[in-house]
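Coordinate inspection notes
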Amino acid sequence: TELRRLDDMNLSKIIAERNKTQTIIKNIGDGVIVTDPKRRILIINRAIEQLFSLTQEPVVAKPLESFITEGKLLQLLVETEKRNNTTLPAVEMFIKPQGEWTQKVLQARAAKVQQEDGTLVGVVTILRDITEQKEIDRMKTELVSMVAHELRSPLTSISGFSELLLDEEITKQQSEEYASIIVKESNRLSDLINKFLDISRIESGRIQPNKVKLDIQEIIQMVVGNNSYLASRKGIMVEIHEVPNPLFINADTGMM
């Protein structure tokens, strides 16, 4: 009679659905923590295990704060439990996984799980690794700043020497000298723009670097030589300490 009752409930289907759900949660790329109303751990997935050096069996049914002490994460759970039908903004935190040299930036979001009558069943917390996204944002900001700085220098020269050319008292020799500087700075400006366009083309896969065997020391000497006037303006001396043997790399000469 009991077996028939359980069969009517379709217990095997319930167990299969539960196992399927747990398998999905386990394999989600983001970290997932499910806690009960007393903040005891019900489920953690592989991403959480890797981030916090945990394993599922020893932590289940134990208080979350016994294993994860990140204050911002614990506070997020407390605030989520208190709120009624309001979504809290994501919280960012820094952690350093065991065995890794650098910190990771995690973005945490939490949501309550409630029954139809409003009874709290638990809280689901999602932790997303946004380290790479943050680094890309930082690099974009630096690139914009660098582009603005690099373009300003030749534009300032072109503008300044163009104004001098309008002076009626300058000699023919001076006008030729100023004109040659304007041409030179215009070419430099064009070259800079082409370089930034090349970066865009490389990222989109439309251009491939022409890699050859290069001595990196020669590249360094050329770069320092081309930019030595910037250092001398500020009274800075740049020294190159060469090693006796060539240091070969495979790279595109022009791009380097």
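Anyway, here's the lowdown on the structure attached to this text. Small disclaimer: the values here were computed from a predicted structure and weren't measured.

By the secondary structure assignment, serine 53 is in the loop between helix H3 (46-52) and helix H4 (56-59). Distance in space between the C-alpha atoms of serine 53 and proline 97 is 7.2 Å, their sequence separation being 44 residues. A polar atom in the side chain of serine 53 sits 3.2 Å from the side chain of glutamine 98.

This part covers the packing of aromatic side chains. For the structure on display, the rule yields 1 aromatic pair. Ring centres of phenylalanine 161 and tyrosine 178 lie 5.4 Å apart, and the angle between their planes is 45°; this geometry places the pair in the tilted category. With phenylalanine 161 in helix H6 (residues 131-165) and tyrosine 178 in helix H7 (residues 172-204), this residue pair connects regions lying 17 residues apart in the sequence.

Opposite charge on two side chains lets them pair, provided their charged atoms get close. Going through the model one piece at a time under the given rule, you end up with 11 salt bridges. In this structure, the salt-bridge partner of lysine 134 is glutamate 92, at a minimum N-O distance of 3.2 Å. Highlighted residues: lysine 134 in helix H6 and glutamate 92 in strand E3 (residues 91-95), separated in sequence by 42 residues. Its salt-bridge partner being arginine 138, residue glutamate 142 comes within 2.4 Å of it at the nearest N-O pair.

Our next topic: the sheet that holds strand E2 (residues 41-44). Overall, antiparallel pairing links the 5 strands, which are arranged E2-E1-E5-E4-E3 in an open sheet. Both edges of this open sheet fall to E2 and E3, since each of them pairs with a single strand only. The mean angle between the axes of side-by-side strands here comes to 25°, regardless of whether they run parallel or antiparallel. Examined bridge by bridge, strand E1 (residues 31-35) and E2 share 3 bridges and lie antiparallel to one another. Bridged to valine 34 within E2 is isoleucine 43. Contacts from helix H5 (residues 71-82) reach E1, E3, strand E4 (104-114) and strand E5 (120-129) within the one sheet, and its direction differs from that of E4 by about 25°.

A few words on unusual backbone geometry. The phi dihedral of arginine 39 falls on the positive side, at around 60°, and the residue is not glycine. Position of arginine 39 among the secondary structure elements: in the loop between E1 and E2. In the Ramachandran plot, serine 53 falls in the positive-phi region, its phi being about 55° despite a non-glycine side chain.

Within the largest apolar cluster, 22 residues are counted, with the highest numbers of intra-cluster contacts made by Ile33, Phe52, Leu73 and Leu127. Sorting the residues of this core by element identifies E2, H3, H5, E3, E4 and E5 as the ones contributing at least two each. Here this core gets 4 residues from one element, more than from any other, and that element is H5. Here phenylalanine 52 is in contact with Ile68, Ile95, Leu106 and Leu127, once residues within four sequence places are set aside.

You can see isoleucine 240 is positioned in the loop between helix H8 (216-233) and strand E7 (248-251). Remark: the alpha-carbon pair of isoleucine 240 and glutamine 221, spanning 19 residues in sequence, is separated by 7.4 Å. With residues up to four places along the chain from it excluded, the contact list for isoleucine 240 reads Ile220, Gln221 and Val224.

Turning next to the side chain of glutamine 217. Along the chain, glutamine 217 turns up in helix H8. Assessed through its relative accessible area of 10%, glutamine 217 is described here as buried. Separated by 3.4 Å, the side chain of glutamine 217 and the backbone oxygen of asparagine 245 make a polar contact. With residues near it in sequence (within four places) discarded, glutamine 217 still touches Glu242, Val243, Asn245, Pro246 and Leu247.

Rules and cut-offs
- Residues numbered from 1 in each chain as written.
- Predicted model: local features only at pLDDT ≥ 70, side-chain atom pairs only at ≥ 80, totals over all residues.
- Heavy atoms only, no water.
- Helix = DSSP H or I, 4+ residues; strand = E, 2+ residues; numbered from the N terminus.
- Polar contact = N/O pair within 3.5 Å; in protein donor to acceptor, adjacent residues only side chain to side chain.
- Phe/Tyr/Trp six-rings, centres within 6.5 Å; stacked < 30°, edge-to-face > 60°.
- Salt bridge = Lys/Arg side-chain N within 4 Å of Asp/Glu carboxyl O.
- Pairing = 2+ DSSP bridges.
- Axes fitted to C-alpha atoms, helices over the stretch in contact; angles between N-to-C directions.
- Contact = heavy atoms within 4.5 Å.
- Core = buried A, V, L, I, M, F, W, Y, C linked by side-chain atoms within 4.5 Å.
- Buried < 20%, exposed > 50% of the residue type's maximum accessible area, 1.4 Å probe, protein only.

These values are about where atoms sit, not about what they do.
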